[in-house]
Amino acid sequence: MNEERRDFIREIVQQDLDSGRVKNVVTRFPPEPNGYLHIGHAKAICINFGIARRYDGRCNLRMDDTNPTKEDVEYVESITADIKWLIEGWADHCLGLKPIGGLPDRIDVDGREDFYIASVTPAESAAQQSPALEPFFASDYFEALYEYALELIRRGKAYVCDHTAEEVDQMRGAPDRPGRESAYRERPVEENLDLFRRMRTGEFPDGARTLRAKIDMSAPNVWLRDPVLYRIRHTSHHQTGDRWCIYPMYDFAHGLSDYIEGITHSLCSLEFEVHRPLYEWILEALELPRVHPRQREFARLNVTYTIMSKRKLLRLVQEGHVRGWDDPRMPTLSAMRRRGYPAEAIRTFVQAVGVAKRENMVQIEYLEHFVRENLNRSTPRVMAVLRPLRVVIENYPEEQVEELDAVNNPEDASAGTRKVPFSRVIYIEQDDFREVPPPKYHRLSPGVEVRLRYAYLITCTDVVKDPATGEIVEVRATYDPATRGGDTPDGRKVKSTIHWVSAKHAIDAEVRLYDRLFSVEDPDDTPEGEDFTRNLASESLEILRDGKLEPSLAAAKPGSRYQFERLGYFFTDPEDSHPGAPVFNRTVTLKDTWARIERRQNRRP
RNA sequence: UGGGGCGUGGCCAAGUGGUAAGGCAACGGGUUUUGGUCCCGUCAUUCGUAGGUUCGAAUCCUGCCGCCCCAGCCA
């Protein structure tokens with residue numbers, strides 16, 4: 001990866017190091033396990049791991065699982081796998097995990113009881129043959145959090161409130177109007193302690209009481225108006241089962257989880273900026289003895305033609321608009337992986353986009369640029385005809401077969417060459433033949449000579465049509481035996497070189513052409529009363545079943561990438577490919593100047 | 001009309017008082033056995049706007065305008 005850019009967050013981190021406020025850097029990536037990770041998360045991951053990497057620190061992976069009604073283990077598994085994939089070979093040495101089942105230690109800091117849990121990297125664990133690792137979980141801290149809550153009550157900074165949700169809502173006031181204080185605000189400490197303990201033991205039904213911070217009901221920042229810290233939910237949790245019926249709210253759990261893990265910099269997106277005073281209030285109210293984490297915010301990533309809302313992505317899955325969370329049209333990391341996007345290209349893209357605080361909408365073309373750039377230098381070339389048109393070379397001997405040399409990767413000499421069989425009947429792309437060529441069309445048409453890549457120059461002599469439909473079913477041509485390999489001894493030029501596959505040697509494969517899922521730049525921009533699904537593109541997936549591929553592709557391994565020359569980059573689908581029957585997903589097309597010319601011609605004829 | 005943020009080319013984005021980096025896109029040209037790659041060139045007299053300070057302002061000050069976030073017992 002090229003030189004790292006400096007941004008306002010790195011500047012803050014550097015200052016903290018310079019001033020000695022912190023001795024090392026520990027960041028964290030804290031997804032809620034209620035959906036799959038998407039390209040927007042990739043930005044947060046690259047920032048948090050990138051900073052850990054830059055300053056030789058750690059980035060803890062933590063499931064922010066404080067709301068059992070929305071979360072599921074399916075998601076903790078996918079999230080863990082996606083992160084590992086994204087950072088592999090780049091920041092794996094910074095990945096902070098913990099031994100399975102690990103809980104915070106009770107430690108003593110200057111005579112005060114405190115909680116702390118250390119991180120372990122996969123490499124460290126392997127070196128010590130330690131038990132297997134897993135991510136951190138906010139739910140691992142429920143006991144510690146409970147004790148911190150007790151301490152807050154003892155300090156007179158939290159109280160049990162009996163108002164209903166509706167009442168609390170009404171009493172909160174409005175942004176421009178102060179709220180009213182809870183009738184239970186002045187409850188004695190002992191009573192608060194007693195009630196809170198009984199909340200834990202399950203004495204009260206859902207919603208009956210909450211634990212609230214005692215701050216300021218007339219604060220201009222509404223998050224400081226005695227926010228709820230704990231709510232009652234008699235619901236079993238995917239990690240803690242039925243052990244708890246009270247669950248901490250985000251604001252209470254997050255800062256303290258950061259603190260327990262020794263996080264130095266808690267980097268999140270802009271919408272949490274207004275929560276920052278509360279984040280700091282909690283740490284300060286408890287007068288926690290170790291270094292306090294510092295929250296800083298950056299603008300989240302938006303990309304044209306895609307949506308990032310986990311709720312909406314879930315709908316696409318549930319309503320069957322896509323085949324699942326990893327459908328290659330989805331903006332999820334698992335979908336991009338299955339589509340063939342290299343993790344490194346995603347990282348390069350995120351880095352190029354930068355880190356700032358202004359709202360942004362990055363064009364999808366920018367992402368595609370980095371995917372192409374990465375694939376261009378790393379991917380072997382191969383010939384595949386997706387929409388075959390039969391060509392008979394009339395003067396080529398009936399039974400003859402030649403093995404011709406083809407370059408595997410012009411960008412990488414060490415990739416070597418391979419043999420490609422050639423014979424009298426071949427397939428070319430339907431797009432590469434026009435009976436009546438439009439202006440500037442350089443490919444095959446009657447009387448025109450083109451080069452068959454690595455083979456011979458051929459000239460079209462005739463067109464065979466289906467008498468019933470008029471459809472072109474075959475092209476007749478002659479070849480110049482002196483041009484073997486595609487060279488022209490007499491130095492004559494042809495305008496075009498096209499790809500081909502020998503008919504009798506070709507293998508069949510299913511090829512899936514993916515396009516944008518949405519037809520408009522901003523899918524959320526909808527008329528009154530309609531939602532984003534109206535902007536779903538009508539043909540975002542085209543499945544081709546009669547593709548003819550060069551025989552070397554019979555050995556394509558699931559998960560391998562190719563450039564189908566002149567068409568695009570393709571990924572051998574790891575799920576649906578079988579030995580001898582590969583399935584290819586189009587990752588991204590090659591840039592297509594001809595398509596652009598054609599579009600222009602059609603626009604202003 | 002409360003609080004918190006943000007406004008630099010079509011899209012990202014540097015710039016931190018000394019006279020507007022870079023990438024993508026677009027456009028023009030060259031090389032080319034991929035209409036790919038690569039290479040060259042064009043693309044902001046101007047930084048939301050109006051004033052002010054200064055020899056000098058995208059950078060400092062003031063007013064105005066615009067956009068985003070916040071009133072979940074979601075995160």
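### A short note on the nonpolar core
Then step 1. With 69 residues, the main nonpolar core has Phe-29, Ile-39, Ile-45, Phe-49, Ile-83, Leu-316 and Ile-346 as its most contacted residues.
Then step 2. In contact with Ile-83, not counting residues within four places along its chain, are Phe-29, Leu-37, Ile-45, Phe-49 and Leu-61.

### Structural notes on the protein's contact with RNA strand B
Then step 1. Taken together, the neighbourhood of RNA strand B is formed by 68 residues, with Asp-169, Arg-381, Arg-443, Gly-485 and Thr-593 sitting nearest.
Then step 2. The contact atoms of RNA strand B, taken as those within 4 Å of the protein, divide so that sugar and phosphate hold 66%.
Then step 3. Within the contact set of RNA strand B, a base nitrogen lies 2.9 Å away from a backbone nitrogen or oxygen of His-163.
Then step 4. For the surface near RNA strand B, the secondary structure elements donating two or more residues are helix H6 (165–171), strand S11 (228–232), helix H13 (364–378) and helix H14 (593–603).
Then step 5. The element contributing the most residues to the surface near RNA strand B is H14, with five residues.

### Some details on the side chain of Thr-240
Then step 1. Looking at the element boundaries, Thr-240 is found in the loop between S11 and strand S12 (246–248).
Then step 2. The exposure class assigned to Thr-240 is buried, which follows from its relative accessible area of 7%.
Then step 3. If we ignore the near neighbours within four places in the chain, the residues touching Thr-240 are Ser-139, Phe-142 and Tyr-247.

### So, helix H12 (residues 343–353)
Note: α-helices contain 3.6 residues per turn, so residues at a spacing of three or four share the same orientation.
Then step 1. Those residues of H12 that fall on the buried side of the exposure criterion are Ala-343, Ala-345, Ile-346, Arg-347, Thr-348, Phe-349 and Val-350.
Then step 2. Elements in contact with the buried residues of H12: helix H2 (39–54), helix H3 (73–87), helix H11 (333–339) and H13.
Then step 3. Looking at the residues trailing H12, positive phi occurs at Gly-354, about 85 degrees.

### A look at the sheet that holds strand S29 (residues 568–572)
Then step 1. If you trace the seven strands from one edge of the open sheet to the other, you get S15-S28-S29-S30-S26-S27-S16, paired in mixed fashion. Either end of the sheet is taken by a strand with one partner, and the two such strands are strand S15 (381–382) and strand S16 (384–385).
Then step 2. As paired elements, strand S26 (residues 507–514) and strand S27 (residues 541–549) share seven bridges and run antiparallel to each other. When the sheet's bridge partners are listed, Arg-512 is paired in S27 with Ile-543.
Then step 3. Where H13 meets the sheet, its contacts fall on S15, strand S28 (561–564), S29 and strand S30 (583–589), and the angle it forms with S30 comes to roughly 115 degrees.

The rules behind the values
- Residues numbered from 1 in each chain as written.
- Chains lettered and ligands numbered in written order.
- Predicted model: local features only at pLDDT ≥ 70, side-chain atom pairs only at ≥ 80, totals over all residues.
- Heavy atoms only, no water.
- Core = buried A, V, L, I, M, F, W, Y, C linked by side-chain atoms within 4.5 Å.
- Buried < 20%, exposed > 50% of the residue type's maximum accessible area, 1.4 Å probe, protein only.
- Contact = heavy atoms within 4.5 Å.
- Near = heavy atom within 4 Å.
- Polar contact = N/O pair within 3.5 Å; in protein donor to acceptor, adjacent residues only side chain to side chain.
- Helix = DSSP H or I, 4+ residues; strand = E, 2+ residues; numbered from the N terminus.
- Pairing = 2+ DSSP bridges.
- Axes fitted to C-alpha atoms, helices over the stretch in contact; angles between N-to-C directions.

In short, shape yes, function no, at least from these values alone.
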